[in-house]
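Listed below are the residues making up each chain.
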Amino acid sequence: MHRIAPSILSADFARLGEEIRAVVAAGADLIHFDVMDNHYVPNLTIGPLVCEAIRPYASVPIDVHLMVSPVDRIVSDFAKAGAGIISFHPEATLHVDRTIGLIHECGCKAGLVLNPGTPLSYLDHVLEKLDLVLIMSVNPGFAGQAFIPEALAKLAAVRRRIADCGRDIWLEVDGGVKVDNIGEIASAGADTFVSGSAIFGTKDYAATIAAMRAQLAAA
Ligand code: DX5
Ligand code: ZN
């Protein structure tokens, strides 16, 4: 089962509702929602108000990627705003296990995000509590960056850890995912694919997502 999660960071923000409708109609499985705070990452994007505003346009779950520090205070705001999944970076919170519990108490699925330089040891003791692991294949903060190939080995290692743990934990990848490399990334073990510029930068979202699915089927 492969899921495609277009990142609205590369959508036309002046027509955000329309863009979300279009990408869902084109076959998106999730809407990836990038939250940046100009503190944990050097960029500033959108918050719970925008999440709430787009909820009626998104007939698929909203996959909130928090690139903010601190994390805990904002979690319930996103849950109330309609998030389905909330993922955070372990370096951005003081108590990783507490933050996971908080996300679950709010009724959302919880994900942990590992940057290119963040070790897998952050998964020790908490993996079995997670619904999703997100491997960053770029350094977070901007759309349109090149895929960092070391992410492939990291995905394969997390796939093994998930198999050992025996729970249905999604393995998501974020950054530089395109039609050209999605097959190789799937072979490394990812099942959920964030893609921003490679979808919203094309004219025909349905054709692009179909091309991605064709690559996934062949992988
Ligand atoms: C980067 C964000 C990504 C970004 C991906 O910090 O987390 O979700 O939108 O954009 P592309 O697919 O263009 O690399
Ligand atoms: Zn993201």
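Residues numbered from 1 in each chain as written. Chains lettered and ligands numbered in written order. Predicted model: local features only at pLDDT ≥ 70, side-chain atom pairs only at ≥ 80, totals over all residues. Heavy atoms only, no water.

Asker: Run through the overall build of the protein, naming residues and quoting values.
Answerer: Across its full length, the protein holds eight helices and eight strands. On C-alpha atoms alone, the protein measures out to a radius of gyration of 16 Å, which is about the 17 Å that the 2.2 N^0.38 rule sets for 219 residues. Seen through its principal axes, the protein has C-alpha atoms that stretch 45 × 40 × 30 Å. The long-range share in the protein, meaning contacts at least 24 apart out of those at least 6 apart in sequence, stands at 64%. Accessible area of the protein: about 9200 Å², with a carbon and sulfur share of 54%. (Helix = DSSP H or I, 4+ residues; strand = E, 2+ residues; numbered from the N terminus. Rg over C-alpha atoms; globule rule 2.2 N^0.38 Å. Contact = heavy atoms within 4.5 Å. Areas by Shrake-Rupley, 256 points an atom, 1.4 Å probe, with all protein chains shown as cover.)

Asker: Describe in detail the site of ligand 1, supporting the description with residues and values.
Answerer: Neighbouring ligand 1 are 20 residues; Asp34, Gly141, Asp174, Gly196 and Ser197 lie closest to it. Contact distances for ligand 1 include 2.8 Å between an oxygen atom and a side-chain N or O atom of Asp34. The side chain of Ser197 places a nitrogen or oxygen atom 2.5 Å from an oxygen atom of ligand 1. According to the grid-proximity analysis, the pocket containing ligand 1 is the largest cavity. Looking at the shell around ligand 1, the elements with two or more residues in it are β2 (31-36), β3 (62-67) and β8 (192-195). Of the residues forming the shell around ligand 1, the biggest block, three residues, is contributed by β2. Residues of the shell around ligand 1, tallied by class, amount to eight nonpolar, 10 polar and two charged. (Near = heavy atom within 4 Å. Polar contact = N/O pair within 3.5 Å; in protein donor to acceptor, adjacent residues only side chain to side chain. 1 Å grid on protein atoms, 1.4 Å probe; cavity = no way out; pocket = protein on both sides within 12 Å on 5 of 7 lines; lining within 4 Å. Sits in = over half its atoms within 2 Å of the grid points. Nonpolar A, V, L, I, M, F, W, Y, C, P; charged D, E, K, R; others polar.)

Asker: An account of the coordination of the zinc ion (ligand 2) is needed here, citing residue identities and associated values.
Answerer: Taken together, the protein ligands of the zinc ion (ligand 2) are His32 (NE2), Asp34 (OD), His65 (ND1) and Asp174 (OD), with distances of 2.0 to 2.3 Å. For the zinc ion (ligand 2), the six donor atoms in the first shell make angles of 70 to 170° at the metal, so the coordination geometry reads as octahedral. (Donors = N, O, S within 2.8 Å, 3.2 Å for Na, K, Ca; no water. Tetrahedral: all angles 85-135°; square planar, octahedral: opposite > 155°, others 65-115°.)

Asker: Describe unusual backbone geometry, and please don't skip the residues or the numbers.
Answerer: Note that the residue after Ser69, namely Pro70, is joined by a cis bond; omega there is -5°. Relative to the assigned elements, Pro70 resides in the loop between β3 and α3 (72-80). Notably, Asn38 is not glycine yet its phi reads approximately 55°, a positive angle. By the secondary structure assignment, Asn38 is in the loop between β2 and α2 (48-54). What makes Asn38 exposed here is its relative accessible area of 53%. With a phi angle near 75°, His125 is a residue other than glycine that sits in the positive phi range. Among the structural elements, His125 can be located in the loop between β5 (109-114) and β6 (132-136). (Buried < 20%, exposed > 50% of the residue type's maximum accessible area, 1.4 Å probe, protein only.)

Asker: Tell me about the packing of aromatic side chains, and please be specific about residues and values.
Answerer: Within this structure, the stated rule accounts for two aromatic pairs. Look at Phe33 and Phe78: their rings are 6.1 Å apart centre to centre, the planes differ by 70°, and that puts the pair in the edge-to-face class. In this pair, Phe33 sits in strand β2 while Phe78 sits in helix α3, placing the two residues 45 residues apart along the sequence. In this structure, Phe33 and Phe78 share a single accessibility class: buried. Look at Phe200 and Tyr205: their rings are 5.2 Å apart centre to centre, the planes differ by 70°, and that puts the pair in the edge-to-face class. (Phe/Tyr/Trp six-rings, centres within 6.5 Å; stacked < 30°, edge-to-face > 60°.)

Asker: Break down the side chain of Asp191 for me, citing the residues and quoting the values.
Answerer: Residue placement: Asp191 occurs in the loop between α6 (182-188) and β8. Looking at Asp191, the relative accessible area reads 9%, which means it is buried.

Asker: Got a sec to walk through the nonpolar core? Specific residues and values, please.
Answerer: Ile8, Phe33, Val64, Leu66 and Phe78 are the most contacted members of the largest nonpolar core, which has 69 residues in total. The contact partners of Phe33, leaving out residues within four places of it in the chain, are Ile8, Ile46, Gly47, Val50, Cys51, Ile54, Ile62, Asp63, Val64, His65 and Phe78. By size, the runner-up hydrophobic cluster in this structure holds 10 residues, among which are Ile85, Leu132, Val138 and Trp170. (Core = buried A, V, L, I, M, F, W, Y, C linked by side-chain atoms within 4.5 Å.)

Asker: Which residues make up the environment of Met136, and what values go with them?
Answerer: Along the chain, Met136 turns up in strand β6. Taking the relative accessible area as the measure of exposure, Met136 reaches 4% and is therefore buried. For the pair Met136 and Glu91, spaced 45 residues apart in the sequence, the C-alpha separation amounts to 14 Å. If near-sequence neighbours (up to four positions away) are discounted, Met136 is found in contact with His65, His89, Val113, Leu114, Asn115, Pro116, Ala151 and Asp174.

Don't take any of this as a statement about function, it's just geometry.
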